[in-house]
Every structure is written in structure tokens, then in C-alpha cells.
Amino acid sequence: MRSILPVFRRSIRESWRSTAGWSVGVAAVLFLYLPLYPSFGASGQLQGIIDSMPKELIDTLGYDQITTGAGYAQSTFYGLTGFLLLTIAAVMWGSAAIAGAEESGRLELDLAHGIGRAQYVVESALSILVRMLWLGAFAGVIVWAVNGPAELDINPPRIIGASVALVGLAFLSASAGLLAGALTGRKSWASGVGAGIAVLGYVFQAVAKQSDDLEWLNVFSPYAWVYHQSPLLDGVHLGGLAAVWGLALLCAAASAVVLQRRDIAG
């Protein structure tokens, strides 16, 4: 009798240490930044720091609303450090799932034991998605827990939207890595594509903020799709959220199709 979801279960089992490590990293960043807000925000020090910075730099970093509690959490975590942490985790997991398994020989061995190619991709993507959802939910719970003590004054339901947006961006990088790995079988290509999606998306929206004439760059930025308005301040942009998640799922589905049609390196 075949086991249910063998690739998914093995992936979750083998990655629990790294998932725990990323969870610790997320918690460390949140507990480092968020409790500082009352000291900076209430005293006016934060506004003074912002006033001393060039407007172009403020816009690039998304610090234009950092003097509010919700804006501070959005700018320091969801839009920057949290985005960086979850993206790195997503790129590592996405590049290892297919391309890394192929380079190590595990993919060929699994397929030889009766696991279908599409099944392998779907279960690998599901494993990554579950881990990303855990990190997003874990971060959201911490933000909710410190919301009162840190005087952030965030509307709790908006924490859910911000977390879903963050996970969507990270999962898009992972799915892009899956697709590149399915196409090439090379981990370096998978990592490069996954990271490139995140980096270019961030850069495009940053450049677009510098001039009204460059706002068209936001069309090519998944980061701008979900963060064109601050999820914690104004609520998540549902159209952008749907676009990011739709593209991520499309990349994952395309990975299954591509892998079925390509010769696996022995």
C-alpha cells in the first residue's frame, strides 16, 4: 500500500529544523524592532530622523508613514526585513525542491519508485507553501501579541492581510525557482530566478517612486502589486494580492507540466 503524500511528508519531516531556524529569525527581528516604537514614536525622535533624510531615500525605503505604529511595522518588517527573510527561505526551498533534488540524484530515484513527475512537483510546492504559511502566521501572531504593548494601534484584521501578502510574495519567488528548476535542472538557475523575481520587484517599485514618469514600472513589480498601499494602514489591495497568488500558483502548475516533458539528468 502506497503512503499518502510521500514527497510532502518527507519534505516537511526533513525541513523542520530549517523551518524552526527561520521562525527564530522572524521572532528575533520582530522583537528587536517593534518594541522600540514607543520610545521613538512618542518622543518625536523618529520624526526627527525622517526629517533629516532625503525624500528620495524615504520613498525608496517606504518610510513615508513610519511615524505611525502601523506604518512602522509595515516599513520595518513586512516591507523590508520580513520580506527579506521569507524570500531567502523561499528561494532556498524552491531551488532545492526540484533542481537540487535532480543534481543530487534523489529526483531520479524517487521517480523510479513510482512517484509521478506531476505528483512530485505538486507535493514539493505544497510543502513549501505550508512552511511559508507557517512563517507568515507565526509572524502575524507575534505582531498581534505586541500590538498593544508596543502601542502600534494596528487594526488586528489587517495583520492577516499583511501576512497573506508577505507569504504570497515569498511563495512567488519559491514557485519561480521551482519553474526554473523544472526547466533547467540546475540549482544555480533556480536560485537566480527566484531571487531575481524578488529583487527586480523591489527595485522597480523603488525606482517608480522617484518620478511620476516612471510609475509604469510598477506594472512589472509584484512587490508594488501588494504594497502599492500599506496593508497595515489601508488594508490589503485585493487585486494585487490576487495577481501575486495567481502568478505563484501558475508558476507551480507550469513546473509540473514542464518537468513531465523534459529528460531528467541521470
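Structure: see above.
Residues numbered from 1 in each chain as written. Predicted model: local features only at pLDDT ≥ 70, side-chain atom pairs only at ≥ 80, totals over all residues. Heavy atoms only, no water.

Participant: I tried to follow the overall build of the chain on my own but got confused; where do I start?
Facilitator: A count of helical and extended segments in the chain gives 13 helices and zero strands. Across the 266 residues of the chain, 49% fall into the buried class. For the chain, restricting intrachain contacts to residue pairs at least 6 apart in sequence, the fraction spanning at least 24 positions comes to 76%. For the chain, the accessible area works out to roughly 12,500 Å², and carbon and sulfur atoms hold 66% of it. (Helix = DSSP H or I, 4+ residues; strand = E, 2+ residues; numbered from the N terminus. Buried < 20%, exposed > 50% of the residue type's maximum accessible area, 1.4 Å probe, protein only. Contact = heavy atoms within 4.5 Å. Areas by Shrake-Rupley, 256 points an atom, 1.4 Å probe, with all protein chains shown as cover.)

Participant: I tried to follow the packing of helix H6 (residues 69-104) against helix H9 (residues 156-184) on my own but got confused; where do I start?
Facilitator: What describes two packed helices is the angle between their axes and the distance between those same axes. Packing of H6 against H9 brings their axes to within 8 Å, and their N-to-C directions diverge by 30 degrees. As judged from the angle between their axes, H6 and H9 are roughly parallel. As H6 runs across H9, the sense of the crossing is right-handed. Its residues placed into classes, the contact of H6 with H9 shows 18 nonpolar, seven polar and one charged. (Axes fitted to C-alpha atoms, helices over the stretch in contact; angles between N-to-C directions. Parallel < 35°, antiparallel > 145°, perpendicular 65-115°, else oblique. Left-handed = near helix turned anticlockwise from the far one by under 90°. Nonpolar A, V, L, I, M, F, W, Y, C, P; charged D, E, K, R; others polar.)

Participant: Explain the layout of surface pockets to me, please; I cannot follow it from the model alone.
Facilitator: Empty space among the atoms becomes visible once a probe the size of a water molecule is rolled across them. Here the second largest pocket is characterised by a volume of approximately 350 Å³. As for the second largest pocket, its lining consists of 20 residues, and the residues nearest its centre are Ser 11, Glu 14, Ala 96, Ala 97 and Arg 131. Of all the secondary-structure elements, those providing two or more residues to the lining of the second largest pocket are helix H1 (6-14), helix H2 (16-33), H6 and helix H8 (117-147). Here the residues of the lining of the second largest pocket are counted per class, giving nine nonpolar, six polar and five charged. (1 Å grid on protein atoms, 1.4 Å probe; cavity = no way out; pocket = protein on both sides within 12 Å on 5 of 7 lines; lining within 4 Å. Points joined across faces, edges and corners; volume = space filled by probe spheres on them.)

Participant: Looking at this structure, how should I read the packing of H6 against helix H10 (residues 187-208)?
Facilitator: Where H6 contacts H10, the two axes come as close as 7 Å, and the packing angle between them is 155 degrees. For the element pair H6 / H10, the angle class is roughly antiparallel. At the point where H6 passes H10, the crossing takes the right-handed sense. Contacts between H6 and H10 involve Gly 79, Leu 80, Phe 83, Thr 87, Val 91, Ser 95, Ala 96, Ala 99, Gly 100 and Glu 103 on the former and, on the latter, Lys 187, Ala 190, Ser 191, Gly 194, Ala 195, Ala 198 and Tyr 202. Looking at the contact of H6 with H10, its residues break down into nine nonpolar, six polar and two charged.

Participant: Before we go on, may I ask you to explain the packing of aromatic side chains in this structure?
Facilitator: How two aromatic rings sit relative to each other is set out by the distance from centre to centre and by the angle between their planes. The tally for this structure, following the rule as stated, stands at nine aromatic pairs. Between Phe 83 and Tyr 223 the ring centres are 5.1 Å apart and the planes differ by 75 degrees, which places this aromatic pair in the edge-to-face class. You can see Phe 83 sitting in helix H6 and its partner Tyr 223 sitting in helix H11 (residues 222-227), a full 140 residues away along the chain. With respect to burial, Phe 83 and Tyr 223 carry one shared label: buried. For the cation-ring pair, Arg 131 lies above Trp 93, with the distance from its terminal atom to the ring centre recorded as 4.6 Å. (Phe/Tyr/Trp six-rings, centres within 6.5 Å; stacked < 30°, edge-to-face > 60°. Lys NZ or Arg CZ within 6 Å of the ring centre and 35° of its normal.)

Participant: Looking at this structure, I do not really get the pattern of salt bridges. What am I missing?
Facilitator: Note that side chains of opposite charge can pair when their charged atoms are close. Applying the stated criterion to the full structure yields four salt bridges. Salt-bridge contacts for Glu 102 lead to Arg 262; the nearest nitrogen and oxygen are separated by 2.7 Å. With a gap of 160 residues between them, Glu 102 in helix H6 and Arg 262 in the segment after helix H13 (238-260) connect regions that are remote in the sequence. Each of the two residues, Glu 102 as well as Arg 262, counts as buried. The salt bridge involving Arg 186 is made with Glu 103; its shortest N-O contact spans 3.7 Å. Taken together, the positions of Arg 186 in the loop between H9 and H10 and Glu 103 in helix H6 put the pair 83 residues apart, joining distant regions of the chain. By relative accessible area, Arg 186 is classed as partly exposed at 45%. (Salt bridge = Lys/Arg side-chain N within 4 Å of Asp/Glu carboxyl O.)

Participant: Explanation requested: unusual backbone geometry in the structure shown.
Facilitator: Of all residues except glycine, most have a negative phi; of all peptide bonds, most are trans. Look at Glu 151: it is not a glycine, yet its phi comes out positive at around 55 degrees. Of note, the phi angle at Asp 153 is positive, near 60 degrees, even though the residue is not glycine. Topologically, Asp 153 is positioned in the loop between H8 and H9.

Participant: Looking at this structure, I do not really get a nonpolar patch on the surface. What am I missing?
Facilitator: Side chains of Ile 4, Leu 5, Leu 126 and Val 130 sit close together on the surface and give an oily, nonpolar patch of about 320 Å² of accessible area. A residue is classified by how much of its surface remains accessible, and Leu 5, at 35% relative accessible area, is partly exposed. (Patch = residues over 30% accessible without salt bridge, like charges linked within 9 Å, V, L, I, M, F, W, Y side chains within 5 Å.)

Participant: Looking at this structure, how should I read empty space enclosed by the protein?
Facilitator: What the rule picks out here adds up to one cavity of 30 Å³ or more. Quantified by volume, the largest cavity comes out at close to 50 Å³. In terms of lining residues, the largest cavity is bounded by Phe 83, Leu 169, Leu 172, Ser 173, Ile 197, Ala 198, Gly 201, Pro 222 and Tyr 223. Elements with a contribution of two residues or more to the lining of the largest cavity: H9, H10 and H11. A per-class count over the lining of the largest cavity returns seven nonpolar, two polar and no charged.

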